[in-house]
Structure formats: C-alpha cells, structure tokens
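Given next are the chains, with one letter for each unit.
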Amino acid sequence: QVQLVESGGGLVQPGGSLRLSCAASETMLSIDAMGWYRQAPGKQRELVATMPSSLRTIYADSVKGRFTISRDNAQNAVYLQMNSLKPDDTAVYYCTVHRYRTNQDYWGQGTQVTVSS
C-alpha cells in the first residue's frame, strides 16, 4: 500500500503563494500518474493539476497560469506551486497517485489551504 503525506498547507492572504509537497512511501515510476485534487466545503472534489506521466501536465482551467505542478521521481514526490492565490482556492488539497503496474489509486490525508485576509 502506497502512503502519501502532504505538507505545505496553511493560511495565506489573497495574492500570496504556497507550495504543497507530497511524498510517497514507495518508488514512483515515470509512467505512474501523480497529481492534486481539492475539495472545498459543500463542493465535490475536483481536479487541480495532474501529471499522467513525467512528460505531461494537465490543469484545471481555474488554476491555469497560477499553479504549477512538478514531480521528482528520485524523491518519489510531487509538488504544487500555488501563486496569486484567491479565496476560491480555499479547500483541502489531496495528493493522489495512480500506479500503472497495479492499476491502483492512492490518496493522501489532505492539507488545508485557506486564502483569506
């Protein structure tokens, strides 16, 4: 079982920045998907950004140009750099991994991001 641990969440003012990190307990291959979802109060979980492989990125329209996803396979980690944060970005952010070999999805516990003045 892959365990994912997120960090980097917190309280930030509108226009500020945060960098989320997620470390996996097992080796991630370039073909394994790694990404971030978020869930705001009263809303469904939504895709924020994902890397289906180490060579491709996908972003939600709401975060394009502001968020950047990256990964470091050597560290079995995925990151989310969040700039120009808005109150609507307030949510619990979840790291997710899909292992190609086993066709299994794994989720982190989530880290709270609150954007407020």
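Right above here is the structure, for reference.
Computed from a predicted model, the values in this text were never measured in an experiment. (Residues numbered from 1 in each chain as written. Predicted model: local features only at pLDDT ≥ 70, side-chain atom pairs only at ≥ 80, totals over all residues. Heavy atoms only, no water.)

Chemist: Describe the state of the cysteines, with residues and values.
Modeler: Across all of its chains, the model carries 1 disulfide by this definition. Between the sulfur atoms of Cys22 and its disulfide partner Cys95 the distance amounts to 2.0 Å. When the S-S torsion is -80 degrees, as for the bridge of Cys22 with Cys95, the disulfide is left-handed. Separated by 73 residues along the polypeptide, Cys22 in strand β3 (residues 18-24) and Cys95 in strand β9 (residues 91-99) bring together distant segments of the chain. Residue class for Cys22 comes out buried when judged on its relative accessible area of 1%. (Disulfide = S-S within 2.5 Å. Helix = DSSP H or I, 4+ residues; strand = E, 2+ residues; numbered from the N terminus. Buried < 20%, exposed > 50% of the residue type's maximum accessible area, 1.4 Å probe, protein only.)

Chemist: Could you give an account of unusual backbone geometry, naming the residues involved and the relevant values?
Modeler: One non-glycine residue, Ser84, lies in positive phi territory at about 50 degrees. With respect to the helices, strands and loops of the structure, Ser84 is situated in the loop between β8 (77-82) and β9. Notably, Asn103 is not glycine yet its phi reads approximately 55 degrees, a positive angle. Checked against the element boundaries, Asn103 lands in the loop between β9 and β10 (104-107).

Chemist: Break down the pattern of salt bridges for me, citing the residues and quoting the values.
Modeler: This model, assessed by the stated rule, comprises 5 salt bridges. Across the pair Glu26 and Arg99 runs a salt bridge whose closest N-O atoms are separated by 2.5 Å. Of this pair, Glu26 sits in the loop between β3 and β4 (33-39) while Arg99 sits in strand β9, and the two are 73 residues apart along the sequence. The buried category is assigned to Arg99, whose relative accessible area is 12%. (Salt bridge = Lys/Arg side-chain N within 4 Å of Asp/Glu carboxyl O.)

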